[in-house]
Amino acid sequence: PCARAATHLAGAPALTRNRPTRKYDGSIEKFIGDAVVAFFGVPKVHEDDDVRALKAAREIHSGVNTFGIDYEKKTGKRLAFHTGIATGLIVTGEANVDKGTLVGDTINLASRLSSIAKPGEILVGEGTYLQSKGTFSFERLQPVSVKGKAEPVTSYRLLEVKAGPAKGPAAK
């Protein structure tokens, strides 16, 4: 199977990350500690899977921020989380994506972007940027070296939704 967007979210409580992912027809592949690997476009591909992934990530960030206020009051600790999103081909070891393990450069890039994102940031790769720049505003960051890539990677920080009418099914 092929996915258009893979998302790596770190630090998001389970409820705040599960609902938005499913709302935009994404699937959660696995949990790694407090991180989640989610993907969009498998088994059903949408023309706007990149936009769906970004909208889900924004809602997750908003939910964690809301949850974080009470959490900080109770514990004195601030929740910090960050997201990386990459677009491209992913491969699963089984035909049933609910049981398969996703692999590929897209998954690795999403993870690397998440690891370099600062708390509260959503960073995207070039492919995600190109597919979603009509809907969102981004800031281009300086290329950085990441594990598994011979050349530095250019990433983009998600800033906001652009003004104007939303288009397509992800406009929900």
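Residue positions within a chain follow its written sequence, with the count starting from 1. Per-residue local features are limited, in this predicted model, to residues with pLDDT of at least 70; the limit for side-chain atom pairs, both in listing and counting, is 80 or more; totals at the level of whole chains, interfaces and linings are taken over all residues. To get the side-chain values, all heavy atoms of the structure are used, and hydrogens and water are removed first.

Draft legend 1. Structural context of the overall build of the protein chain. Helix and strand labels come from DSSP, where a helix needs a run of H or I of at least four residues and a strand needs a run of E of at least two; each type is numbered from the N terminus. The helix and strand inventory of the protein chain stands at four helices and nine strands. Contact definition: two residues touch when any of their heavy atoms are within 4.5 Å. Counting only contacts in the protein chain whose residues sit at least 6 apart along the sequence, the fraction spanning at least 24 positions is 68%. In these tables, accessible area is a Shrake-Rupley quantity obtained with a 1.4 Å probe, and a residue counts as shielded only by the protein chains included in the view. As presented, the protein chain carries roughly 9100 Å² of accessible surface, and 52% of it is formed by carbon and sulfur atoms.

Draft legend 2. Seen up close, the pattern of salt bridges. By salt bridge we mean one thing: a side-chain nitrogen of Lys or Arg within 4 Å of a carboxyl oxygen of Asp or Glu. Within the structure shown, the criterion is met by six salt bridges. Notably, a salt bridge pairs D105 with K149, separated by 2.7 Å at the nearest N-O pair. Here D105 is found in helix α3 (residues 105-116), whereas its partner K149 is found in the loop between β8 (136-140) and β9 (156-161), with 44 residues between them in sequence. A salt bridge links E139 to R157; the nearest nitrogen and oxygen atoms lie 2.4 Å apart. Taken together, the residues span a long stretch of sequence, with E139 in strand β8 and R157 in strand β9 at a distance of 18 residues. One network of salt bridges, in which partners are shared, links D25, D48 and R52.

Draft legend 3. A look at the environment of D49. You can see D49 is positioned in helix α2 (residues 49-75). Linking D49 and F39, residues 10 residues apart in sequence, is a C-alpha distance of 9.0 Å.

Draft legend 4. Summary view of the packing of aromatic side chains. Stacked, edge-to-face and tilted are the three classes for Phe, Tyr and Trp ring pairs, Trp counted by its six-membered ring, which pair at centre distances within 6.5 Å; planes under 30 degrees apart are stacked, over 60 edge-to-face, the rest tilted. This structure, assessed with the given rule, holds three aromatic pairs. Ring geometry for Y129 against F138: centres 5.4 Å apart, planes inclined by 80°, an arrangement best described as edge-to-face. Taken as a pair, Y129 and F138 share a single burial class, namely buried. Owing to a relative accessible area of 13%, F138 belongs among the buried residues under this scheme. In textbook terms, an aromatic cluster arises when at least three aromatic residues are bridged by ring pairs, as seen for Y129, F136, F138 and Y156. Under the scheme applied here, a residue whose accessible area is under 20% of the maximum for its type counts as buried, over 50% as exposed, and between as partly exposed, the area being computed with a 1.4 Å probe on protein chains only.

Draft legend 5. A nonpolar patch on the surface, seen in detail. A contiguous nonpolar patch, built from L89, V91 and V103 and spanning about 260 Å² of accessible area, is present on the exposed surface. With respect to the element layout, V91 can be found in strand β5 (residues 91-92). Given a relative accessible area of 42%, V91 falls into the partly exposed group. Patch criteria: residues need more than 30% relative accessible area and no salt bridge. Like-charged residues are merged within 9 Å; nonpolar side chains of Val, Leu, Ile, Met, Phe, Trp and Tyr are merged within 5 Å.

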